[in-house]
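Structure at a glance
Here are the chains, one letter per residue:
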Amino acid sequence: QVQLVESGGGMVQPGGSLRLSCAASGSSFNMYAMGWYRQAPGKQRELVANINNNGNTNYADSVKGRFTISRDNAKNTVYLQMNSLKPEDTAVYYCNAKQSPFSSPYWGQGTQVTVSS
């Protein structure tokens, strides 16, 4: 199994930046598709960005041009660089890992991101 631990959340002013990290433990990290999701109070969890084992990326329209997902397989870590943050980005951000379409995903515990003046 895979264990995921997020870090890097906090409170920033609109227009600020944060970098989230997700450290994974377990074997075959480089074979997993990795993603970042977020959930605000009263809303469903939504995809922010993901990156597959080949390095291909996908982003929600709301974050394109502002967020960048990347992975460092040597460190078993996936990152989310968030720039030009907006109040509507406020949410708990979760790291996700999935081995195949037939597998249930693994989830981290989440990290709070608050964008406020």
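The sections below set out a description of the structure shown in this document. Since the structure is predicted, the reported quantities are computational estimates derived from the model, not experimental observations. Here the residue index of a chain counts from 1 through its sequence in written order. Since the coordinates come from a predicted model, pLDDT governs what is reported: local features require at least 70, and pairs of side-chain atoms require 80 or more to be given and counted, while whole-chain, interface and lining totals use all residues. In computing side-chain properties, one takes all heavy atoms of the structure into account and sets aside hydrogens as well as water.

Points about empty space enclosed by the protein
Using a probe with the size of a water molecule, rolled over the atoms, empty space left in the structure can be pinpointed. The pocket and cavity definitions rest on a 1 Å grid over protein atoms only: a 1.4 Å probe that fits but cannot leave marks a cavity, an open set with protein on both sides within 12 Å along at least five of seven lines marks a pocket, and residues lining either have an atom within 4 Å of a point. Grid points are joined across faces, edges and corners, and a volume is the space filled by probe spheres set on the points. Applying the stated rule across the entire model yields 1 cavity of 30 Å³ or more. Around the largest cavity, the lining residues are V2, A24, S25, G26, S27, F29, Y32, M34, N76 and A97.

Comments concerning the state of the cysteines
Any two cysteine sulfur atoms lying within 2.5 Å of each other are counted as a disulfide. On inspection of all chains with the given rule, the structure shows 1 disulfide. At a sulfur-sulfur separation of 2.1 Å, the disulfide partner of C22 is C95. Because the torsion about its S-S bond is -85°, the bridge between C22 and C95 counts as left-handed. Of the two residues, C22 sits in strand β3 (residues 18–25) while C95 sits in strand β9 (residues 91–98), which places them 73 residues apart along the sequence. A helix here means a DSSP run of H or I that spans at least four residues, while a strand means a run of E at least two residues long, and both kinds are numbered starting from the N terminus.

Topic: the environment of D89
Among the secondary structure elements, D89 is positioned in the loop between β8 (77–82) and β9. A 1.4 Å probe rolled over the protein chains alone gives each residue an accessible area, and that area as a share of the maximum for its type sets the label: buried under 20%, exposed over 50%, partly exposed in between. D89 gets classed as buried once you look at its relative accessible area, which sits at 1%. In sequence terms D89 and N30 are 59 residues apart; their C-alpha atoms lie 28 Å from each other. Throughout this description, a polar contact denotes any pair of N or O atoms lying within 3.5 Å of each other; where both atoms belong to protein, one of them has to be capable of donating a hydrogen while the other can accept it, and for residues adjacent in sequence the pair is counted only when both atoms sit in side chains. Of note is the side chain of D89, whose polar atom sits 2.8 Å from the side chain of R66. Of note is the side chain of D89, whose polar atom sits 2.8 Å from the backbone nitrogen of K86.

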